[in-house]
Amino acid sequence: GQKVILWTDDANGVQNETMYKPVPFFMSSRGYGIFMHTSSPITCDFGKYFGGITSLMIGDEDLDLFIFFGNPKEILDAYTSLTGKSPMPPLWSFGFWMSRITYFSEKEGRAVADKLRVNNIPADVLHFDTGWFETDWRCDYQFSKSRFENPEKMIRDLKAQGIQTCLWQLPYFVPNNRLFPEIIEKQLYVKNEKGTLPYEDAVLDFSNPEAVKWYQQQIAGLLKMGVGAIKVDFGEAAPAKGIYASGRTGFYEHNLYPLRYNKAVSDITQQIKGERIIWARSAWAGSQRYPLHWGGDPANTNTAMAATLRGGLSLGLCGFSFWSHDIGGFVLKTPEELYRRWTPFGMLSSHVRSHGAPPKEPWEYGEDFLNAFREADNMRYRLMPYIYAQAKECTEKGLPMVRALFVEFPDDPGSWLIDNEYFFGSDMLVAPLFEESASRDVYLPPGNWIDYQTGKIYSGGWHLINAGKIPIIMLIREGSAIPHIKLAQSTQFMDWSEIELVVFSAGLPSAKTILYLPGDEALKQLNLEKKEGKFVLQSDPFAGKVKWHITTR
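An account of the accompanying structure is given in this report.

Thresholds, definitions, all that
- Residues numbered from 1 in each chain as written.
- Predicted model: local features only at pLDDT ≥ 70, side-chain atom pairs only at ≥ 80, totals over all residues.
- Heavy atoms only, no water.
- Helix = DSSP H or I, 4+ residues; strand = E, 2+ residues; numbered from the N terminus.
- Expected span 1.5 Å × (residues − 1).
- Buried < 20%, exposed > 50% of the residue type's maximum accessible area, 1.4 Å probe, protein only.
- Contact = heavy atoms within 4.5 Å.
- Pairing = 2+ DSSP bridges.
- Axes fitted to C-alpha atoms, helices over the stretch in contact; angles between N-to-C directions.
- Salt bridge = Lys/Arg side-chain N within 4 Å of Asp/Glu carboxyl O.
- Core = buried A, V, L, I, M, F, W, Y, C linked by side-chain atoms within 4.5 Å.
- Patch = residues over 30% accessible without salt bridge, like charges linked within 9 Å, V, L, I, M, F, W, Y side chains within 5 Å.
- Areas by Shrake-Rupley, 256 points an atom, 1.4 Å probe, with all protein chains shown as cover.
- Phe/Tyr/Trp six-rings, centres within 6.5 Å; stacked < 30°, edge-to-face > 60°.
- Lys NZ or Arg CZ within 6 Å of the ring centre and 35° of its normal.
- Polar contact = N/O pair within 3.5 Å; in protein donor to acceptor, adjacent residues only side chain to side chain.
- Parallel < 35°, antiparallel > 145°, perpendicular 65-115°, else oblique.
- Nonpolar A, V, L, I, M, F, W, Y, C, P; charged D, E, K, R; others polar.

Thoughts on helix α7 (residues 302-316)
Alright, step 1. A rise of 1.5 Å per residue sets the reference length of α7, with its 15 residues, at 21 Å; its end C-alpha atoms lie 22 Å apart and thus fit the reference within 8%.
Alright, step 2. Within α7, the full set of buried residues consists of A304, M305, A306, A307, T308, L309, G312, L313, L315 and G316.
Alright, step 3. As for α7, its buried residues are in contact with α1 (72-83), β15 (323-324), α8 (336-347), β18 (402-403), β19 (422-424) and β20 (428-432).

A closer look at the environment of C44
Alright, step 1. Inspection of the secondary structure assignment puts C44 in strand β4 (residues 42-46).
Alright, step 2. Residues C44 and F128 lie 84 residues apart in sequence; the distance between their C-alpha atoms is 38 Å.
Alright, step 3. Residues contacting C44, with those up to four places away along its chain left out, are Q2, K3, V4, L6, M36, S55 and L56.

Overview of the sheet that holds strand β3 (residues 32-36)
Adjacent strands of a sheet form backbone hydrogen bonds with each other and so pair up, either parallel or antiparallel.
Alright, step 1. One open sheet holds the 3 strands; their spatial order is β2-β3-β6, and the pairing between them is antiparallel. Single-partner strands in this sheet number two, and they are β2 (25-28) and β6 (65-69). Shown here is a sheet whose adjacent strand axes are inclined to one another by a mean of 15°, direction ignored.
Alright, step 2. Here 4 bridges tie β2 to β3, and the two strands are oriented antiparallel to one another.

Thoughts on the pattern of salt bridges
Alright, step 1. All chains considered together, the criterion is met by 31 salt bridges.
Alright, step 2. Between E236 and R281 there is a salt bridge, with the nearest N and O atoms lying 2.8 Å from each other. In this pair, E236 is assigned in the loop between β12 (229-232) and α6 (250-273) and R281 in the loop between β13 (279-280) and β14 (293-294), connecting sequence segments 45 residues apart.
Alright, step 3. Taking relative accessible area as the criterion, E236 reaches 5% and is therefore assigned buried.

A word on the sheet that holds β20
Alright, step 1. Taken together, 6 strands build an open sheet; the order of strands is β18-β19-β20-β23-β21-β22 and the sheet is antiparallel. Both outer strands of the open sheet, β18 and β22 (457-466), are each paired with one neighbouring strand and no more.
Alright, step 2. As paired elements, strand β21 (residues 439-451) and β22 share 9 bridges and run antiparallel to each other. Across the sheet, N448 pairs through a bridge with S459, a residue of β22.

Some thoughts on the side chain of S321
Alright, step 1. Within the element layout of this structure, S321 appears in the loop between α7 and β15.
Alright, step 2. Classification of S321 by relative accessible area gives buried; the value is 2%.
Alright, step 3. Look past the residues within four positions of S321 in its chain and what remains in contact with it is S86, S350, C394, T395, G398, L399, P400 and M401.

Considerations on the environment of I58
Alright, step 1. Take I58: it is sitting in strand β5 (residues 54-58).
Alright, step 2. Residues I58 and A211 lie 153 residues apart in sequence; the distance between their C-alpha atoms is 30 Å.
Alright, step 3. Apart from the residues within four sequence positions on either side, I58 is in contact with M36, T38, S40, P41, I42, L63 and L65.

Quick notes on the nonpolar core
Alright, step 1. Core analysis: the largest hydrophobic core is formed by 157 residues, its most contacted members being F96, Y215 and L348.
Alright, step 2. Here this core takes 9 residues from helix α5 (residues 209-225), the largest share from any one element.
Alright, step 3. Dropping the residues within four chain positions of it, Y215 is found in contact with Y141, Q169, L204, F206, Y261, A264 and V265.

Examining a nonpolar patch on the surface
Alright, step 1. Judged by side-chain polarity, L63, L65, I67 and F69 come together as a nonpolar surface patch covering roughly 440 Å² of accessible area.
Alright, step 2. Looking at where I67 falls in the secondary structure, it is placed in strand β6.

So, the packing of aromatic side chains
Here a ring pair, both rings aromatic, is described through the centre-centre distance and the interplanar angle of the planes.
Alright, step 1. Tallying each qualifying case throughout the model produces 48 aromatic pairs.
Alright, step 2. Aromatic pair Y365 and F369: ring centres 5.1 Å apart, planes at 40°, arrangement tilted.
Alright, step 3. On the basis of relative accessible area, F369 is assigned to the buried category, the value being 1%.
Alright, step 4. Through a chain of ring-to-ring contacts, the aromatic side chains of Y103, F128, W132, F133, W137, F143, F148, W168, Y172 and F234 assemble into a single cluster.
Alright, step 5. Looking at K333, its charged tip hangs above the ring of Y365, at a distance of 5.7 Å from the centre.

Examining the side chain of R353
Alright, step 1. By the secondary structure assignment, R353 is in strand β17 (residues 352-354).
Alright, step 2. Taking the relative accessible area as the measure of exposure, R353 reaches 0% and is therefore buried.
Alright, step 3. Within the structure, the side chain of R353 is placed 2.8 Å from the side chain of D326, a separation counted as a polar contact.

Some words on the pairing of strand β27 (residues 524-531)
Alright, step 1. In this structure, strand β26 (residues 510-515) lies alongside β27, joined through 6 bridges in antiparallel fashion. Counted as the bridge partner of A511 is L528 from β27.
Alright, step 2. Summarising the sheet, β27 and strand β28 (residues 534-537) pair through 4 bridges and their orientation is antiparallel. By the bridge assignment, K530 is partnered in β28 with F535.

Observations regarding the packing of α8 against helix α9 (residues 367-382)
Alright, step 1. Relative orientation of the contacting elements α8 and α9 amounts to 10°, with a least axis distance of 9 Å. Our classification of the angle between α8 and α9 gives roughly parallel. From α8, E336, Y339, R340, T343, P344, G346 and M347 reach across to α9, where they touch D368, F369, A372, F373, A376, D377 and R380.
Alright, step 2. The residue makeup of the contact of α8 with α9, split by class, is 7 nonpolar, 2 polar and 5 charged.

With respect to the pairing of strand β23 (residues 472-477)
Alright, step 1. The buried fraction of β23 amounts to 5 of the 6 residues, a majority that puts the element mostly inside the structure.
Alright, step 2. Bridging between β20 and β23 involves 5 bridges; their strand directions are antiparallel. Within β23, the residue paired with M428 across the bridge is I476.
Alright, step 3. In the sheet, β21 pairs with β23 via 3 bridges, with the strands oriented antiparallel. Bridge pairing links W449 to R477 in β23.

Section: unusual backbone geometry
Alright, step 1. Of the consecutive residues I101 and T102, the connecting peptide bond is found in the cis state with omega at 10°.
Alright, step 2. A positive phi angle is found at N12, which is not glycine, with a value near 55°.
Alright, step 3. By the secondary structure assignment, N12 is in the loop between β1 (2-6) and β2.
Alright, step 4. Phi at N120 is positive, roughly 55°, even though this residue is not glycine.
Alright, step 5. Positionally, N120 belongs in the loop between α2 (106-118) and β8 (125-128).

Okay, structure coming up:
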């Protein structure tokens, strides 16, 4: 019943028809998926004007379609075998990212890092947004000399605290930018039909190898200083009528721009740091090869929180294993009650960041909120072995960490109708609280489900379920063993030699899980069986490298 126009746009939120990530792929409940292999504009009419037909109006001169058959997992595996699977991001990226728009100085950044540690808020990344330059928003790839006394030392000191640094930037350059004359002189920008600027700003032309080389040199200097990741912001404004170095106009290059942009940053990060990690907003088909992407700029409302999940589910159905979102919304100060409910939703996404209009730091909302935030954050860090192993499996099979229910239960008609719940990995079903309430209606696929927080057992179908102490509903698939690790304030300080396996059996005599240790080459499956009333490992594939603690919930 919708008409969707695939054209990259700065959507200014998550509740309108335009999109940051117009991936030309869709999946049908009839057992097929279609990839429209063109970067031209596309209009997809899914029965809006006539219910009996899906119309694909493609602007290209050639019709190039890939059609995949099978269940959702088979389709995603085949589609990502064509367009690329997400590589495994570094372990530290799965920790909590602390951010706001923006930290303006070394003093401010150090103070936030110190307060994270003093308040026992586990965190792995501190993000500096638009204010680390001498002039706010004027990206010249240099720390402000007046506000950052010694950025290299700051980065080293933060790393000693278990905290990586992420830096914001964008590919547009205003005339006052010190780099603007060089960009013009070297012809590194997108041109109009007269060979001059389409906009007042210069937009880097990533179809020009020389522009990519120049740009990567700017980024390389920061990575060599020790910066952990680059925020690949914007990318939606490539001139539609521009003339690109590729010889094509924006008709073909506009939608390709995010992919080229993502690739440029990911490639230089891989070259210098050996890690494919970016933090990007705009994307296109294949951008999953350059993780990771976040959901843009949601409003600070219940409906924006719900729309954020719908967008994340859709992105996951387009081959993106990893996805994050701005906890609490971006635009204004987050209402405390909304922030409290959004936090565990963020903590149970593949990657997690608090970002937006200040204040975003949990201690700025009072002691009660701080305690609630810490509880949700602690839960994520204890679940890190589950998160890390599920992420590894996603990279191998083209699956999303935040997963629509029907991906796991394609033969259950009810699972195809749910857009306000998700699987977090393969064994955990999550139902966020999208309204100011301690309970909600939850649909469960066939089988038994055990509440992670309360231990209550539910069967398939609809249930009104109360959230536990952490304001979210988390249900574990019967027969799953969820691996946990001892709490640490950073993934850098985690001890992977001891793992707790929490078995959710509901009376079953066996359970299983997967585990992936940092530095290992492959995932390993763990099978447990009940003997004399206790669960034990059938065999230990880690050959004594891990001390096991097995409990039942």
